[in-house]
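Residues per chain, in single letters:
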Amino acid sequence: MALEREVAAISSQFAVSDAELLAIAKEYIRLAELGLGTDSMPMTMIPSFVTDVPNGSERGTFLAVDLGGTNFRVCSVTLLGNGEYKLEQKSTAVSKNLMTGSSKDLFSFLAKQVETFMKLHLNDHFNEESSTNGEHILKLGFTFSFPVNQTAVNRGTLIRWTKGFDVVDAIGQDVCLLLQKELDALKLGVHVAALVNDTVGTLMSRAYASSSEALTKVGLIVGTGTNGAYVEDLAKVTKLDLSSAAFSNKHLMIVNTEWGAFDNALRVLPVTQYDRLVDGITPNPGFQMFEKRVSGMFLGEIVRQILLDLCTRKVLFAGPSAELTTEWQLDTSFLSEVENDESEDFDGICKLVEKSLALHTSHAERCAIKKIVEAVGKRSAYLAGAIIAGTLQHIGACSNRSSVDLGVDGSVYAHYPNYSKLLKESIKIILGDDEARVIIGRAEDGSGVGAALCALVA
Ligand code: BGC
């Protein structure tokens, strides 16, 4: 009984009311407008310098690399037109040492991966004399999913790291130049043509491949981190010098919102004691406060903090295990697997808790874990839905009875059961019947195809 009562109390702390969702969407619009006028807002609203959205007819072969989470991916992408493409790729884990070491070590490691990939998949190019002479002939789109101060399509200085990266000497440096220098040192004949946030790539790849009649206006990620990009009216990006020749005849700009940093001041976001504990053990306390309630890197840790608390209060588990007291022990796959277990005796949850936390559970404990996981996952989807609705309101996407298309990617969205249903529920609370005109679909390979499209428009 005590356990049931405690779990109900915790779940209610994670419930987000309609009024709170509406307030979040409203505050999002306020902060987005401020961010379009100045660079000094935490939710940075970064112009991507991509001023065209693809229509599916684009063609050509490009390299794309992707640094944004625990893996570094190199791909060669051939756009075939008709929304079709061919892609070859190789992923390599980025070690904790590289994630927190020097920029020289990190970027030379990245260039080395490009070299290995090219030797394997692009041997012709690799052997061409022009390339070994150092001439840049293959264009590369660099998906770099961290906040940068972007000043051109292939220029951007790193503002800060997120998602556990902490390569201090890279902050303030142009990440395209860091990569170009290491590629040149290996004489690869590759030109870093575009710096791409994964959300921008997601938007581009969805626009390229989507068969929907509606125009794609938003790309978003709910994975290790969370963020969104959208198609903005260029005239509203007032922090840019819009009289510059670079913008003549341009009407739109894809903006990378960096909404992970939405409401760092916690004016409207919900705060529980568990959020505070998680924030306190990150390398960037007080920052990325929206991301820390929504994205995969943090959901597992929020759940672990709750389980540990219940254990300490002696209402859950016979006692703590070393695993339960280990920070970051649970990742999002724990949540998806718990949610996926619909069996009567929760056999899957039983095995999972034994495997990840080395703890035995009773049936009542498994029910409790399931309820907690549902509450944490639902809050994530509801908060993400509120921000999406705010973005759509900001651009008037559903005015004139028009439909709008959104591309989504990321492990939480892809693997968490019901996530898309919950997102839509939350959007409906804010947009009402207009929600029916919001089409949300998976974007395939934003960081590969999307980055190639950015390299092409560059
Ligand atoms: C980064 C964004 C990125 C998002 C999703 C966040 O932590 O700040 O740039 O788009 O993660 O990968």
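Residues numbered from 1 in each chain as written. Predicted model: local features only at pLDDT ≥ 70, side-chain atom pairs only at ≥ 80, totals over all residues. Heavy atoms only, no water.

Participant: For this particular structure, what's the right way to read the overall build of the chain?
Facilitator: Secondary structure summary: the chain contains 17 helices and 13 strands in total. Relative to the compact-globule value of 23 Å for 458 residues, the chain shows a C-alpha radius of gyration of 22 Å, a close match. Principal-axis analysis of the C-alpha atoms gives the chain an extent of 75 × 50 × 40 Å. For the chain, with 458 residues in total, the buried portion stands at 58%. Long-range pairs, those at least 24 residues apart, make up 71% of the contacts in the chain with a sequence separation of at least 6. Summing over all exposed atoms, the chain offers an accessible surface of approximately 18200 Å²; the carbon and sulfur share of this is 51%. Positive and negative side-chain charges in the chain, numbering 42 and 56 respectively, have mean positions lying 2 Å apart. (Helix = DSSP H or I, 4+ residues; strand = E, 2+ residues; numbered from the N terminus. Rg over C-alpha atoms; globule rule 2.2 N^0.38 Å. Buried < 20%, exposed > 50% of the residue type's maximum accessible area, 1.4 Å probe, protein only. Contact = heavy atoms within 4.5 Å. Areas by Shrake-Rupley, 256 points an atom, 1.4 Å probe, with all protein chains shown as cover. Lys, Arg positive; Asp, Glu negative; His and termini not counted. Charge placed at Lys NZ, Arg CZ, Asp CG, Glu CD.)

Participant: Just to check I follow, could you spell out helix H7 (residues 175-185) for this structure?
Facilitator: One full turn of an α-helix is made of 3.6 residues, so residues set three or four places apart face in the same direction. Here H7 has its buried residues at Val175, Cys176, Leu178, Leu179, Gln180, Glu182 and Leu183. The inward-facing, buried residues of H7 contact strand E2 (59-67), helix H4 (103-121), strand E5 (138-144), strand E6 (148-152), strand E7 (155-158) and strand E8 (190-196). Regarding H7, its N-cap is aspartate 174, as a side-chain oxygen of that residue lies 2.8 Å from the backbone nitrogen of cysteine 176 further along. Just downstream of H7 lies lysine 187, where phi reads positive at about 55°. (Polar contact = N/O pair within 3.5 Å; in protein donor to acceptor, adjacent residues only side chain to side chain.)

Participant: Is there a simple way to explain the site of the ligand in this structure?
Facilitator: Looking at the ligand, there are 15 residues lining it, with Thr162, Asn197, Asp198, Glu258 and Glu291 nearest. Contact distances for the ligand include 2.5 Å between an oxygen atom and a side-chain N or O atom of aspartate 198. At a separation of 3.0 Å, an oxygen atom of the ligand approaches a polar side-chain atom of asparagine 227. Its free accessible area being 310 Å², the ligand has 98% of it covered by the protein chains. When residues of the shell around the ligand are traced back to their parent elements, those giving at least two are helix H8 (198-209) and strand E10 (226-233). The residue inventory of the shell around the ligand, partitioned by class, reads three nonpolar, eight polar and four charged. (Near = heavy atom within 4 Å. Nonpolar A, V, L, I, M, F, W, Y, C, P; charged D, E, K, R; others polar.)

Participant: Which parts of the structure should I look at to understand the packing of helix H9 (residues 273-280) against helix H11 (residues 296-312)?
Facilitator: Think of two packed helices as two axes; the pair is described by the angle between the axes and how far apart they sit. Look at H9 against H11: their axes get within 9 Å of each other, and the N-to-C directions meet at 120°. As summarised for this structure, H9 and H11 are arranged oblique, according to the angle between their axes. The way H9 lies across H11 gives a crossing that is right-handed. Contacts between H9 and H11 involve Gln273, Tyr274, Asp275, Leu277 and Val278 on the former and, on the latter, Phe298, Glu301, Ile302, Gln305, Ile306 and Asp309. (Axes fitted to C-alpha atoms, helices over the stretch in contact; angles between N-to-C directions. Parallel < 35°, antiparallel > 145°, perpendicular 65-115°, else oblique. Left-handed = near helix turned anticlockwise from the far one by under 90°.)

Participant: Looking at this structure, how should I read the nonpolar core?
Facilitator: Across soluble globular proteins, you tend to see nonpolar side chains buried next to one another. Core analysis: the biggest nonpolar cluster contains 111 residues, and Phe262, Leu307 and Tyr419 have the highest contact counts within it. No other element matches the 15 residues that helix H14 (residues 363-394) contributes to this core. (Core = buried A, V, L, I, M, F, W, Y, C linked by side-chain atoms within 4.5 Å.)

Participant: Teacher, can you tell me more about the environment of alanine 455 here?
Facilitator: The residue alanine 455 is located in helix H17 (residues 446-457) in this model. Here the alpha-carbon distance between alanine 455 and asparagine 154, two residues 301 residues apart in the chain, equals 8.8 Å. Among all residues touching alanine 455, those that are not within four sequence positions of it are Phe62, Lys139, Leu140, Gly141, Ala193 and Ala194.

Participant: I'm lost on the packing of aromatic side chains in this one. Help?
Facilitator: The geometry of an aromatic ring pair is captured by the separation of the ring centres together with the interplanar angle, meaning the angle of the planes. Using the criterion set out here, one finds 13 aromatic pairs in the structure. Between the aromatic rings of phenylalanine 298 and tryptophan 328, the centroid separation amounts to 6.0 Å while the plane-to-plane angle is 70°, which identifies the pairing as edge-to-face. Of this pair, phenylalanine 298 sits in helix H11 while tryptophan 328 sits in the loop between H11 and helix H12 (332-340), and the two are 30 residues apart along the sequence. The class of phenylalanine 298 is buried, set by a relative accessible area of 3%. Put simply, the rings of Phe142, Phe144, Phe146, Trp161 and Phe165 pair up and form one aromatic cluster. Taking NZ or CZ as reference, lysine 163 lies 4.8 Å from the ring centre of phenylalanine 146, over its face. (Phe/Tyr/Trp six-rings, centres within 6.5 Å; stacked < 30°, edge-to-face > 60°. Lys NZ or Arg CZ within 6 Å of the ring centre and 35° of its normal.)

Participant: Just checking my understanding: could you explain the sheet that holds E8 for this structure?
Facilitator: Strand pairing in a sheet relies on backbone hydrogen bonds, with the paired strands running either antiparallel or parallel. Strand order in the open sheet formed by five strands is E4-E3-E2-E5-E8, with mixed pairing between adjacent strands. Among the strands making up the open sheet, the edge pair consists of strand E4 (84-93) and E8. Across the sheet, the mean angle separating the axes of adjacent strands is 25° when strand polarity is ignored. Two strands pair when backbone bridges link them, and E5 and E8 are joined in this way by six bridges, in the parallel orientation. When the sheet's bridge partners are listed, lysine 139 is paired in E8 with histidine 191. Strand contacts of H7: E2, E5 and E8, with the helix running at about 160° to E8, the strand carrying the most contacts. (Pairing = 2+ DSSP bridges.)

Participant: In this structure, what is going on with empty space enclosed by the protein? I would like to understand it.
Facilitator: Where empty space is left in the structure can be found by rolling a water-sized probe over the atoms. Considering all chains together, one arrives at one cavity of 30 Å³ or more under this definition. The calculated volume of the largest cavity comes to roughly 60 Å³. Ile46, Ser48, Phe144, Phe146, Val148, Gln150, Leu195, Val196, Asn197, Val200 and Asn256 are the residues that line the largest cavity. Among the elements of the structure, E6 and E8 are those that each provide at least two residues to the lining of the largest cavity. Grouping the constituent residues of the lining of the largest cavity by class yields seven nonpolar, four polar and no charged. (1 Å grid on protein atoms, 1.4 Å probe; cavity = no way out; pocket = protein on both sides within 12 Å on 5 of 7 lines; lining within 4 Å. Points joined across faces, edges and corners; volume = space filled by probe spheres on them.)

Participant: Explain the pattern of salt bridges here, please?
Facilitator: A side chain of one charge can pair with a side chain of the opposite charge if their charged atoms are brought near each other. As enumerated under the stated definition, the model contains 20 salt bridges in all. Two residues, arginine 313 and glutamate 6, come together in a salt bridge whose shortest N-O distance is 2.7 Å. Within this pair, whereas arginine 313 is found in the loop between H11 and H12, its partner glutamate 6 is found in helix H1 (residues 2-14), the two being separated by 307 residues in sequence. For arginine 313, the salt bridge identified is with aspartate 309, shortest N-O distance 3.0 Å. (Salt bridge = Lys/Arg side-chain N within 4 Å of Asp/Glu carboxyl O.)

Participant: How should I be thinking about the pairing of strand E3 (residues 71-81) in this particular structure?
Facilitator: Along any regular strand the residues' side chains alternate between the sheet's two faces. Of all 11 residues making up E3, nine are buried, and the element is well covered by its neighbours. Two elements, E2 and E3, share nine bridges in a ladder whose sense is antiparallel. Looking at the pairing, leucine 67 lines up with phenylalanine 72 of E3. Note that E3 and E4 share 10 bridges and pair antiparallel. When the bridges of E4 are listed, valine 74 appears paired with lysine 90. Connecting E3 to the antiparallel partner E4 that follows it, the hairpin turn spans two residues, and asparagine 82 within it adopts a positive phi of roughly 60°.

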